[in-house]
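So the chains spell out like this:
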Amino acid sequence: MKPITPQQIASLSTAQQYFHDCYIVSSLGILSRSKKGQKILQNNITTNGKDFNIKFNNVNEKVEDYFISEKEINNLKFKSYENEMPFEELPVVKAVELAMNKLIKKHPFQKPLICRALGTQERFEYNKPSNFLKLFTGITPETINESSLSMSLLDKISKAIDTLKKIANDKDSTFIAGTGISFDGLPSWHCYGITKVDIQNNKFHVFDHRLNKELEFPIISGLLKFKFLTGFLGKDLK
């Protein structure tokens with residue numbers, strides 16, 4: 001098998017989310033926007049053009065590979081109101097989702113208990129982005145407030161602003177902003193890839209893979225809409 005192509009990697013930056021797995025789709029999206037992230041994707045996702053092999057670099061401190069066949073990819077169906085819905089999800093994304101299905105079946109505790117209690121179509125739905133990033137890359141991401149009971153970055157605002165400043169000067173940074181229980185128009189428990197930070201004009205941009213579009217926020221008031229940040233600075237990626 002060979003590494004996925006630059007074209008396949010580029011397609012991940014705007015991949016459409018269908019299932020309740022924004023943590024996977026946004027993680028792949030931010031990695032695709034970073035040169036170091038692209039190397040990780042090519043190392044961890046290989047294909048013969050039909051089948052895929054997905055490598056996770058830290059599953060209980062071990063490397064594990066999961067083979068995903070073309071048949072499995074074709075059989076993954078998105079359902080809405082009990083009906084199968086046709087959808088054009090990328091085979092690369094499907095392969096990673098199916099690999100997470102197998103990983104979680106083998107290692108149930110790689111999915112938090114509260115997420116396992118939720119009703120799902122597929123086992124890979126609902127998880128913490130920091131958990132996926134660590135499993136996939138083998139590196140523990142920097143995380144601000146993800147596991148806290150607080151639903152806002154208010155108490156961590158200085159650290160969050162400092163992190164955005166670092167992201168602004170780091171082309172290889174790969175960070176996710178996520179909501180908790182939301183009361184201001186954003187969906188609850190949703191992940192967005194941070195695509196740009198413009199300190200001079202006091203704004204930052206995120207990509208929403210569910211809506212498949214980029215959103216813009218003022219830095220301080222925007223950060224307060226989110227519960228947590230998680231990801232890597234370029235120096236942390238290998």
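Basis of the calculations
Residues numbered from 1 in each chain as written. Predicted model: local features only at pLDDT ≥ 70, side-chain atom pairs only at ≥ 80, totals over all residues. Heavy atoms only, no water. Buried < 20%, exposed > 50% of the residue type's maximum accessible area, 1.4 Å probe, protein only. Helix = DSSP H or I, 4+ residues; strand = E, 2+ residues; numbered from the N terminus. Contact = heavy atoms within 4.5 Å. Polar contact = N/O pair within 3.5 Å; in protein donor to acceptor, adjacent residues only side chain to side chain. Salt bridge = Lys/Arg side-chain N within 4 Å of Asp/Glu carboxyl O. Phe/Tyr/Trp six-rings, centres within 6.5 Å; stacked < 30°, edge-to-face > 60°. Lys NZ or Arg CZ within 6 Å of the ring centre and 35° of its normal.

K.L.:
So what exactly am I meant to see when it comes to helix α2 (residues 22-32) here?
P.N.:
Three- or four-residue spacings in an α-helix give side chains the same orientation, since the helix completes a turn every 3.6 residues. Extensive coverage of α2 is indicated by the burial of 11 of its 11 residues. Listed as buried for α2 are Cys-22, Tyr-23, Ile-24, Val-25, Ser-26, Ser-27, Leu-28, Gly-29, Ile-30, Leu-31 and Ser-32. As for α2, its buried residues are in contact with α1 (6-11), α3 (35-44), α5 (91-106), α7 (129-137), β8 (174-178) and β9 (191-198).

K.L.:
What should I look at first to understand the side chain of Ser-26 in this one?
P.N.:
For Ser-26, the position within the fold is in helix α2. You can call Ser-26 buried: its relative accessible area is 1%. At a separation of 2.5 Å, a polar atom in the side chain of Ser-26 contacts the main-chain carbonyl oxygen of Cys-22. For Ser-26, the contacting residues outside a window of four places in its chain are Ile-176, Cys-191, Tyr-192, Gly-193 and His-209.

K.L.:
Explain the pattern of salt bridges here, please?
P.N.:
If the charged atoms of two oppositely charged side chains come close together, the side chains can form a pair. Using the criterion set out here, one finds six salt bridges in the structure. One salt bridge connects Asp-162 with Lys-166, and the closest N-O pair in it is separated by 3.5 Å. Linking Asp-162 with Lys-166, this pair stays in helix α8 (residues 157-168), spanning four residues, or about one helical turn. Close ionic contact of Asp-184 with Lys-225 constitutes a salt bridge, the shortest N to O distance being 3.8 Å. With a gap of 41 residues between them, Asp-184 in the loop between β8 and β9 and Lys-225 in the loop between α9 (219-223) and β12 (228-232) connect regions that are remote in the sequence.

K.L.:
Just to check I follow, could you spell out the packing of aromatic side chains for this structure?
P.N.:
Centre distance and the angle of the planes are the two values used to describe a pair of aromatic rings. Scanning the model with the defined rule gives 12 aromatic pairs in all. With a centroid separation of 6.0 Å and 75° between ring planes, the pair formed by Tyr-23 and Phe-132 is classed as edge-to-face. Linking Tyr-23 in helix α2 with Phe-132 in helix α7, this pair joins segments that are 109 residues apart in sequence. Since its relative accessible area comes to 1%, Tyr-23 is described here as buried. Both rings, one in Phe-217 and one in Phe-226, keep their centres 5.5 Å apart while their planes meet at 85°; by these two values the pair is edge-to-face. Grouping residues by exposure puts Phe-217 and Phe-226 together as buried. By the ring-pair criterion, three or more aromatic residues cluster together here, those being Tyr-23, Phe-56, Tyr-66, Phe-132 and Phe-136. Sitting over the face of the ring of Phe-207, Arg-33 holds its NZ or CZ atom 5.4 Å from the ring centroid.

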